[in-house]
Each structure stands twice: as structure tokens, then as C-alpha cells.
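Inside the fold
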Amino acid sequence: GGDNDAVDPVDPVDPIAAARLELDAVHAALDRGRRDLAFVAAAAAALRDETAECSVCFERLRGKTVTVLRCAHAFDAACVAQLLLASSRRVGHADARVVHCPLCRAPTRRKNMCTFAHREDGGGGGADDAAEKKTAARADGDGREDDAATTTTTTTISTSAKTSALVSTVASILRARPDDKIVVFAQWPDAVAACASAAAAAAAASDAFRADDVLTLLGDATTRALAVARFQSQQKDSPRVLFVSHQHHASGLNLHVARHVIVAHPYAAPVTSPTAPELASLSKAAAFERQAVGRVRRFPQNKKCFLYRLYARGTVEEELYAVWGWI
């Protein structure tokens, strides 16, 4: 009965392998959670932004029904419906399930789209905005809440070393070449507005330029189009300094009337797409900056162009430019 007594050995479970599998599952769940949180944060920011607009119809999103795609880009829900309809016609099906983002071309299934509606009372952040304004008023100390936030922000920016260097660079260029024009790139719209305000405030004490020379590319589509037309004008009293966000307008614009480009800081925007890493890659960030410079150095530009990069020594700004090989 020796043959009957033989029993196939059972491989014991490797506790290390099992632990690794469990750890991988936990990491995957954490990654999904991070992506979900990033998506919710991006959607909330888009809905709270008073100046946000749909990139399809160029209308303000405030007060509309807004659809946020998986890449966290927000659009008018009616425009997304039209995109789905167009996609249906292309694929030959009556009901399209996927739409590609008009900005980044990332695909989103219909079940992964999130649609929100603004409340009639303007909801979302009203109390927070009021609290922030009151805090700024107390910091200012003069008791005027109407302009306290603006005053506090302008004072802080105007005394910074970076903004002082920016204003000094603009003044020195226009003093040496009064007929030239300048395009200044900052990353975020808030930074663009702050830098432009500091430059306009410094113009009062400057002999190189005046406050009317300062222009920003902010606001809705009509306002931006008028700003570009004014800057591109050949009239003697046209604005000479245009402040632009290279996060939003690094491509597509033709600003060949200018000869000087000032980059206030290197591009390093966080990416909120659920499938993307937390920060843009160095190569992508460098490409954004090249695109920004290309707004001036392009046909029919026939003059020598000048590029100025501002960065703080001993900071991550210097490290980024060093990695790109530009300093």
C-alpha cells in the first residue's frame, strides 16, 4: 500500500508575495483616490472662477450648466451635447459614448462626465470670498473693505524683488527703445493682473512709460480681442506693454508687433488630469515657454527679438532653467 500512501505536496502560501499583492492593491486604491480628489478640486475651481469661460462658445460659465470632462476641463453642457452629437455622426451611431476634449483631446466616456449647475444665489464660495475680503481689510487697517483686498495684494507684489526687477526691466527697455513693444508672460491670470497692476503703479514715477502703456490679456473673448487689436495697432499712443498668461495663451496669438519677450518665471503648472502626474514634465514645460516666445518671433516678424528670463537665484526657478540648459 506504499503507492496509496503517497500524497501530493501542497505548496505553502508565500507570505511575502501575498503581502506584496496586498500592498499593490492599497497603492492602486490610493492612486485612484488621489486622482478623484484632483478631479474634484479642479472641478470646484472651475465652478468658483467668476471669469471662467467655455472654450467652445467663449461664453462665461457662471450661471450655466457646466460639464466637466475626465481631464478636468469644464465646458458649457450644451456645447458638450453638441460634441456628442457630432461624434455620433462621425462614428455612424445614434448615441455616441465618447467625446474628445476640445483642449487636450483626452477621451471621456459619457458615464465619466460630471455635470453641475450654478445656484441662482451665486452659491459656492460667497461666504469664503466675504471672509477673505474682511481678513484683507483688517490687515490693511484703514477700515475700507471695498478696496482692501486689492490694496493689500498690490502692496505685497510691488515690494517683491521679482516684481521690482520686472518693472525695472520694462522701464530700461522702453527708455532705450521708446518705439518698441514688450510682451510679458506670467503663468496664472492672477499673477498677470498683479504684475500689470504693479507696473501701472510704478509708471506714475517713471519717465520711461505711462500707465496707459500697460495692457492685460484677461477677461472674456471680446475683451481679449480688443486688447490684442489695441496692442497690435501702429498708432503712436497705443499700449506698449502687454501682460499675458502663458498657461492660457502660449499658442495661437500673433504678437509680431513686439520685439521683446519677458518671462516672469519658468512654467511649472500642476496638471489636474486624473491620468497625468502631479506636475508637467520638464520637456512639456519648456515647450510651453518656447510657444510663448513664438508669439513674437514669428512671421511677419522681420526685426531682431530679445528674450529676458527672470528667476530667483538659489531657488527651484534657477534649477529648472539649469536642467533645460538655458542658463
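About the criteria used
Residues numbered from 1 in each chain as written. Predicted model: local features only at pLDDT ≥ 70, side-chain atom pairs only at ≥ 80, totals over all residues. Heavy atoms only, no water. Helix = DSSP H or I, 4+ residues; strand = E, 2+ residues; numbered from the N terminus. Contact = heavy atoms within 4.5 Å. Core = buried A, V, L, I, M, F, W, Y, C linked by side-chain atoms within 4.5 Å. Buried < 20%, exposed > 50% of the residue type's maximum accessible area, 1.4 Å probe, protein only. Phe/Tyr/Trp six-rings, centres within 6.5 Å; stacked < 30°, edge-to-face > 60°. Pairing = 2+ DSSP bridges. Axes fitted to C-alpha atoms, helices over the stretch in contact; angles between N-to-C directions. 1 Å grid on protein atoms, 1.4 Å probe; cavity = no way out; pocket = protein on both sides within 12 Å on 5 of 7 lines; lining within 4 Å. Points joined across faces, edges and corners; volume = space filled by probe spheres on them. Nonpolar A, V, L, I, M, F, W, Y, C, P; charged D, E, K, R; others polar. pLDDT = per-residue confidence, 0-100. Patch = residues over 30% accessible without salt bridge, like charges linked within 9 Å, V, L, I, M, F, W, Y side chains within 5 Å. Areas by Shrake-Rupley, 256 points an atom, 1.4 Å probe, with all protein chains shown as cover. Salt bridge = Lys/Arg side-chain N within 4 Å of Asp/Glu carboxyl O. Lys, Arg positive; Asp, Glu negative; His and termini not counted. Polar contact = N/O pair within 3.5 Å; in protein donor to acceptor, adjacent residues only side chain to side chain.

Across its full length, the protein holds 10 helices and 10 strands. Partitioning the contacts of the protein with sequence separation of at least 6, the portion at a separation of at least 24 is 67%.

Let's shift gears to the nonpolar core. With 24 residues, the main nonpolar core has Val-183, Leu-217, Phe-231, Leu-242 and Leu-255 as its most contacted residues. Per-element tally for this core: the top contributor is helix H9 (residues 282-293), with four residues. Excluding anything up to four places from it in sequence, Val-183 contacts Phe-231, Leu-242, Val-244, Leu-255, Ala-258, His-260, Val-261, Ile-262 and Val-296. Core analysis: the next-biggest nonpolar cluster, separate from the first, contains 22 residues, Ile-173, Val-192, Ala-196 and Phe-209 among them.

Under the counting rule described, the total for this entry stands at one aromatic pair. Ring geometry for Tyr-311 and Tyr-321: centres 5.8 Å apart, planes at 70°, overall edge-to-face. Of this pair, Tyr-311 sits in the loop between strand E10 (306-309) and helix H10 (316-324) while Tyr-321 is found in helix H10, placing the two residues 10 residues apart along the sequence. In this structure Tyr-311 comes out as partly exposed when scored by relative accessible area, which is 24%. For Tyr-321, a relative accessible area of 0% corresponds to the buried category.

Moving on to the sheet that holds strand E5 (residues 114-117). Read from one edge of the open sheet, three strands run E2-E1-E5, paired in antiparallel fashion. Edge positions in the sheet fall to strand E2 (74-76) and E5, since each of these pairs with one other strand and no more. Neighbouring strand axes in the sheet, compared pairwise and without regard to direction, differ in orientation by 30° on average. Alignment of strand E1 (residues 65-68) against E2, held across three bridges, turns out to be antiparallel. Bridging across to E2, Val-68 finds its partner in Ala-74.

With that settled, consider the layout of surface pockets. By volume, the second largest pocket is sized at about 440 Å³. For the second largest pocket, the lining is made up of 19 residues, of which Asp-179, Asp-180, Lys-181, Gln-234 and Val-257 are closest to its centre. Considering only residue class, the lining of the second largest pocket consists of three nonpolar, seven polar and nine charged.

This part is about the confidence of the model for the protein. Confidence in the prediction for the protein averages 75 pLDDT; 75% of positions are at 70 or higher. Segment residues 122-158 is flagged for pLDDT under 50; beyond a separation of four residues in sequence, or across chains, it makes 22 contacts in the model. Here residues 271-278 is modelled with pLDDT under 50, and outside its nearest four sequence neighbours on either side it reaches 17 contacts, counting other chains as well.

Here we take up a nonpolar patch on the surface. A cluster of nonpolar side chains, Leu-23, Val-26 and Leu-30, forms an exposed patch at the surface whose accessible area comes to about 260 Å². With respect to the helices, strands and loops of the structure, Leu-23 is situated in helix H2 (residues 15-48).

If you trace the five strands from one edge of the open sheet to the other, you get E7-E8-E6-E9-E10, paired in parallel fashion. Strands with a single pairing partner mark the edges of an open sheet, and in this sheet they are strand E7 (214-216) and E10. Ignoring which end each strand starts from, the neighbouring axes of this sheet average 20° apart. Here four bridges tie strand E9 (residues 260-263) to E10, and the two strands are oriented parallel to one another. Residue Val-263 lies in a different strand from E10, and its bridge partner there is Arg-309. Across the face of the sheet, helix H8 (residues 221-232) comes into contact with strand E6 (182-186), E7 and strand E8 (241-245) while running at roughly 145° to E7.

It is worth spelling out the side chain of Lys-181 at this point. Inspection of the secondary structure assignment puts Lys-181 in the loop between helix H6 (161-176) and E6. As a buried residue without a salt bridge, Lys-181 has its nearest oppositely charged side chain in Asp-213, at a separation of 8.0 Å. For Lys-181, the side chain forms a polar contact with the main-chain oxygen of Phe-231, separated by 2.5 Å. Within the structure, the side chain of Lys-181 is placed 2.9 Å from the backbone oxygen of Ser-233, a separation counted as a polar contact.

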